[in-house]
Structure formats: structure tokens, C-alpha cells
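Observations on the three-dimensional arrangement
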Amino acid sequence: AQSVTQPDIHITVSEGASLELRCNYSYGATPYLFWYVQSPGQGLQLLLKYFSGDTLVQGIKGFEAEFKRSQSSFNLRKPSVHWSDAAEYFCAVGGYDKIIFGKGTRLHILP
Amino acid sequence: GAVVSQHPSWVICKSGTSVKIECRSLDFQATTMFWYRQFPKQSLMLMATSNEGSKATYEQGVEKDKFLINHASLTLSTLTVTSAHPEDSSFYICSASGSGITYEQYFGPGTRLTVT
């Protein structure tokens, strides 16, 4: 069965600290992988995506993610977070026909 | 490019009435559009998938007669919540994908529906 697991419901980091949000997936074929960010009351913004090729993917706002097939993981990282990064982050797997979302990780930033 | 809009951004309606939400692809042809529902502090739940000119495919547990989806053109899909009840209050998000663009969905900003 296709699924996405984000094991951390909430994460709190201090401004300027590094960040890693975890994502594991189960997918029968080669997955298309995505990270989205959602601010309260807003739609989803695509941070980055992986379709093929280089397993380290650069995205917007200084985010990157690494696809590790052996671990079925696609963790999101940022070397130094800003207060404006506080939001809900969703990992997703799928493609043009269907996307399956994880339950999300709420990121809190301490000043 | 690949911008999706939704209208209205928020709507309040009375119980028993119907409300229509529009989803438009502004700069590309959306062969497939998707409707999601999101409860507070939860993830997105796919409600249905629609292809232009075809009937929508609903996910299990989604009432077809309650959530009417029309995808009459390559740039417009509508979701009509019929005989709305307070439990239909939610955040509804549409997305679109199309041929000639990468295999991904582009999301609209969402519509907040409150049924009183």
C-alpha cells in the first residue's frame, strides 16, 4: 500500500539552528517525492520535488532534501531556520494521477 | 507559471443551502483537477479526481450526490456542496495537472467554508 509517514507531529527549533524533518514512504514503483509548506489558512506551496537524477534536491527558501532509496526516506533539511519558516510541512509521494500526503509536521521557531 | 486560483477564498452559508467553489488554472490547460478537503490541523484528504469532459472519480467514502464536481473546460472545475451542513465546514483545496508540464500538481490557495 502507498503511504507516507512523518513521524514528528511537532518540532521546535531555535532561530538560526539547523532543521531536519523526517519523511518515510511506501510506494510500489519509483516514487515522485514532494515537500510542501502551508502557512495557517493558506494553500500549499511546493518547496522541492524529486523525480529522478541527483538524490540531493535543492528547493526554494534554502531548503534541500535527500532521497535515500535504501531507507525509503526523503528528509527535508535547512542549515539555518528563520522565524518565517514556522509553518506546517507536508511530505508527499505520487505523481500526476494521485498524490498521497503525510500527516504533516508543525514547525515552531523559538526566538 | 502554473498558477491555480480558487474563488471564493472564504464563504459562509446557511445549513441546507448549496455553495459552489471554483478552481481555475490561469496559465495552463488542466487536463486533470483534484479536490481535497482539509480539517483543522490535519492533512489533505483527496475527495475526487476529475478529467476534462468526464465524470469525476470519487474516493471511497465521499458522497457523490453531496459533493458535485464539474470539469467542463480545460481551465475550470467547480465543486458544489449541496444541502450543506455544519459538518461540511472545512478548508477545500483544489489542484491541477496538465500535459506538457512536469508530473506534479499545482495547488490553489484554498477555500474556507463555514456552514452555520
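Residues numbered from 1 in each chain as written. Chains lettered and ligands numbered in written order. Predicted model: local features only at pLDDT ≥ 70, side-chain atom pairs only at ≥ 80, totals over all residues. Heavy atoms only, no water.

The subject of this paragraph is the overall build of chain B. Summing up its helical and strand segments, chain B has zero helices and 11 strands in all. The order of α-helices and β-strands along chain B, N terminus first, is β-β-β-β-β-β-β-β-β-β-β. Over its C-alpha atoms, taken along the principal directions, chain B stretches across nearly 40 × 25 × 20 Å. Buried positions account for 50% of the 116 residues belonging to chain B. Nonlocal contacts in chain B, meaning residues at least 24 apart in sequence, comprise 56% of its contacts between residues at least 6 apart. As presented, chain B carries roughly 5600 Å² of accessible surface, and 52% of it is formed by carbon and sulfur atoms. (Helix = DSSP H or I, 4+ residues; strand = E, 2+ residues; numbered from the N terminus. Buried < 20%, exposed > 50% of the residue type's maximum accessible area, 1.4 Å probe, protein only. Contact = heavy atoms within 4.5 Å. Areas by Shrake-Rupley, 256 points an atom, 1.4 Å probe, with all protein chains shown as cover.)

Within this structure, the stated rule accounts for 15 aromatic pairs over all chains. With a centroid separation of 5.1 Å and an interplanar angle of 75 degrees, the aromatic rings of Y36 of chain A and F107 of chain B are classed as edge-to-face. On the criterion of chain membership, the pair formed by Y36 of chain A in strand β5 (residues 32-38) and F107 of chain B in strand β10 (residues 106-107) is interchain, its members lying in two chains. For the residue pair Y36 of chain A and F107 of chain B, the accessibility class agrees, reading buried in each case. Ring geometry for Y50 of chain A and F74 of chain A: centres 6.5 Å apart, planes at 50 degrees, overall tilted. Residue Y50 of chain A is located in strand β6 (residues 44-50), and its partner F74 of chain A is located in strand β9 (residues 73-78); the two are separated by 24 residues in the primary sequence. Grouped by ring-pair contacts, the aromatic residues Y32, F34, Y36, F51, F90 and F101 of chain A together with Y36 and F107 of chain B constitute a single cluster. (Phe/Tyr/Trp six-rings, centres within 6.5 Å; stacked < 30°, edge-to-face > 60°.)

With 19 residues of chain B at the interface, the matching set in chain A holds 20 residues. When the two sides are added together, the surface that chain B and chain A hide from each other amounts to roughly 1500 Å², 59% of it contributed by carbon and sulfur. Scanning the region where chain B abuts chain A turns up one salt bridge. One salt bridge in this structure joins K98 of chain A and E59 of chain B, with 3.1 Å as the shortest N-O distance. Linking chain B with chain A are four residue pairs in polar contact (both at pLDDT 80 or more), by the criterion used here. Elements with a minimum of two residues in the side of chain B that touches chain A: β4 (32-38), β5 (44-51) and β9 (90-97) of chain B. (Buried area = accessible area lost by both parts, 1.4 Å probe. Salt bridge = Lys/Arg side-chain N within 4 Å of Asp/Glu carboxyl O. Polar contact = N/O pair within 3.5 Å; in protein donor to acceptor, adjacent residues only side chain to side chain.)

Attention now goes to the state of the cysteines. In the structure shown here, the tally under the stated rule is two disulfides over all chains. Through a disulfide, C23 of chain A is tied to C91 of chain A; the S-S separation comes to 1.9 Å. One quick way to see it: the torsion about the S-S bond of C23 of chain A and C91 of chain A is about -65 degrees, and its sign makes the bridge left-handed. Within this pair, whereas C23 of chain A is found in the loop between β3 (19-21) and β4 (24-26), its partner C91 of chain A is found in strand β10 (residues 87-94), the two being separated by 68 residues in sequence. Residue pairing for C23 of chain B: its cysteine sulfur links by disulfide to C94 of chain B, the two sulfurs lying 2.0 Å apart. On the S-S bond that ties C23 of chain B to C94 of chain B, the torsion sits near 80 degrees, and the link is right-handed. On the criterion of sequence distance, the pair formed by C23 of chain B in strand β3 (residues 19-25) and C94 of chain B in strand β9 is long-range, its members being 71 residues apart. For the pair C23 of chain B and C94 of chain B, one class covers both residues: buried. (Disulfide = S-S within 2.5 Å.)

Residues and elements named next belong to chain A. Structurally, the position occupied by S73 is in strand β9. Judged by relative accessible area, which is 3%, S73 ranks as buried. Ignoring anything within four residues of it in the chain, the contact list for S73 reads C23, N24, Y25, E66, F67 and K68.

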